[in-house]
Amino acid sequence: MTSKNNQKMSFHEKIYLVEIVKGLFITLKHALTNLFHRSGPGGIRTVEYPEQVKTVTTGFRGQHRLTRRDDGSPRCTACMLCATSCPADCITIVAAEHEDPTIEKYPLIYEIDELRCVFCGLCVEACPCDAIRMDTCIYDMADFTRESLIYKKDLLLNS
Ligand code: SF4
Ligand code: SF4
């Protein structure tokens, strides 16, 4: 019998017994570590969420938000570039004429289906107006219905 890299297996490897004991030892070691919550290097690597919340790193792509102009209106000009670049097809925009002649359009409806989103960040990259960001650091988007995870314009503007 040979191993994966065509080297001859030793007697111990052939009977698997030592390897099984080694595996059980590793499992027991992790179980005891978790049981006594030993922290630090080599210790427990999980956190007791939601009591403990991990701080996310800079650049983490979390829940989207829509940014505002100085007057509080959405920066979005409903150009559709984000929706066009979205690989998950989860952004819905309905454009409307803006009353300000210097601004061509604004999003009457702007929705993101956070369940379909794959958090690739392409929408943020595509936006020419810095109107959409993913810097909220929010990652615990959970709810009981699919509909409630289709985030509407007001929610995105106030995130
Ligand atoms: S992060 Fe990616 S998948 Fe999610 S809305 Fe933006 S472009 Fe679409
Ligand atoms: S968020 Fe940016 S890319 Fe998307 S429609 Fe608005 S202005 Fe265009």
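Details of the structure are given in the entry above.
First things first, this report covers the structure right here in the doc. If you're wondering where the values come from, they're calculated on a predicted model, not measured in any experiment.

A short note on the nonpolar core
Core analysis: the biggest nonpolar cluster contains 23 residues, and Ile91, Ile93, Tyr110, Ile112 and Ile132 have the highest contact counts within it. Excluding its chain neighbours within four sequence positions, the residues that come into contact with Ile93 are Ala78, Met80, Cys82, Ala83, Pro107, Ile109 and Tyr110.

Section: the site of ligand 2
In the neighbourhood of ligand 2, 14 residues make up the surrounding shell, with Cys76, Cys79, Met80, Cys82 and Cys127 lying closest. Here the shell around ligand 2 is composed, by residue class, of 13 nonpolar, 1 polar and no charged.

Some remarks on the site of ligand 1
The environment of ligand 1 is formed by 14 residues, the closest being Cys86, Cys117, Cys120, Gly121 and Cys123. When grouped by side-chain class, the residues that make up the shell around ligand 1 number 12 nonpolar, 2 polar and no charged.

Section: the sheet that holds strand β3 (residues 105-113)
Read from one edge to the other, the open sheet built from 3 strands follows the order β2-β3-β5, with strand pairing classed as antiparallel. Taken across any chain shown, the strands that pair with only one partner, and hence form the sheet edges, are β2 (91-97) and β5 (150-151). Sheet topology places β2 next to β3; 7 bridges connect them, and they run antiparallel. Among the inter-strand pairings, Ile91 is bridged to a residue of β3, identified as Ile112.

Things to note about the pairing of β3
With 2 bridges joining them, β3 and β5 adopt antiparallel strand pairing. Looking across to β5, one finds that Asp113 is bridged to Ile150.

Here we look at the pattern of salt bridges
For the coordinates displayed, the defined rule picks out 5 salt bridges. Here Glu111 ties to Lys152 by a salt bridge, and the two come within 3.7 Å at their closest N and O atoms. Here Glu111 is found in strand β3, whereas its partner Lys152 is found in the loop between β5 and α5 (153-157), with 41 residues between them in sequence. We classify Lys152 as partly exposed; its relative accessible area is 42%.

With respect to the side chain of Thr136
Mapped onto the elements of the fold, Thr136 is located in the loop between β4 (132-133) and β5. Of the polar contacts made by the side chain of Thr136, one reaches the backbone oxygen of Gln63; its length is 2.6 Å. Excluding residues within four positions of it along the chain, Thr136 makes contact with Gly62, Gln63, His64, Arg65 and Ser159.

Focus on a nonpolar patch on the surface
On the surface, a nonpolar cluster with roughly 470 Å² of combined accessible area is contributed by Phe11, Ile15, Leu17, Val18 and Val21. Where the nonpolar patch is concerned, the elements lending two or more residues are α1 (11-15) and α2 (17-36). Sorting elements by how many residues they give to the nonpolar patch places α2 first, with 3 residues. You can see Ile15 is positioned in helix α1. Classification of Ile15 as partly exposed rests on a relative accessible area of 41%.

Rules behind the numbers
One numbering rule holds for all chains: residues counted from 1, following each sequence as written. By the order in which they are written, chains take letters starting at A while ligands take numbers starting at 1. Reporting in this predicted model follows two pLDDT cut-offs: at least 70 for local features of residues, and 80 or more for side-chain atom pairs to be given and counted; totals over whole chains, interfaces and linings ignore these cut-offs and use all residues. In computing side-chain properties, one takes all heavy atoms of the structure into account and sets aside hydrogens as well as water. To qualify as a nonpolar core, a set must consist of buried Ala, Val, Leu, Ile, Met, Phe, Trp, Tyr and Cys residues joined through side-chain atoms within 4.5 Å. Exposed residues in this analysis have more than 50% of their type's maximum accessible area, buried residues have under 20%, and partly exposed residues fall in between, with area computed by a 1.4 Å probe over protein chains only. The contact criterion used throughout is that any non-hydrogen atoms of two residues lie within 4.5 Å. We call a residue near a molecule or strand whenever a single non-hydrogen atom of that residue lies within 4 Å of it. Basically, the charged four are Asp, Glu, Lys and Arg, the nonpolar ten are Ala, Val, Leu, Ile, Met, Phe, Trp, Tyr, Cys and Pro, and anything else, Gly included, counts as polar. When DSSP finds at least two bridges between two strands, those strands are taken to pair. Numbering goes from the N terminus for both helices and strands, where a helix is a DSSP run of H or I of at least four residues and a strand is a run of E of at least two. Should a side-chain nitrogen of Lys or Arg be within 4 Å of a carboxyl oxygen of Asp or Glu, the pair is scored as a salt bridge. Think of a polar contact as two N or O atoms within 3.5 Å of one another; within protein, one of them needs to be a possible hydrogen donor and the other a possible acceptor, and neighboring residues in sequence only count if both atoms come from side chains. A patch consists of residues exposed above 30% relative accessible area that lack any salt bridge, with like charges linked at up to 9 Å and nonpolar side chains (Val, Leu, Ile, Met, Phe, Trp, Tyr) linked at up to 5 Å. A 1.4 Å probe and the Shrake-Rupley method give the accessible areas. Residues count as covered only by the protein chains that appear here.

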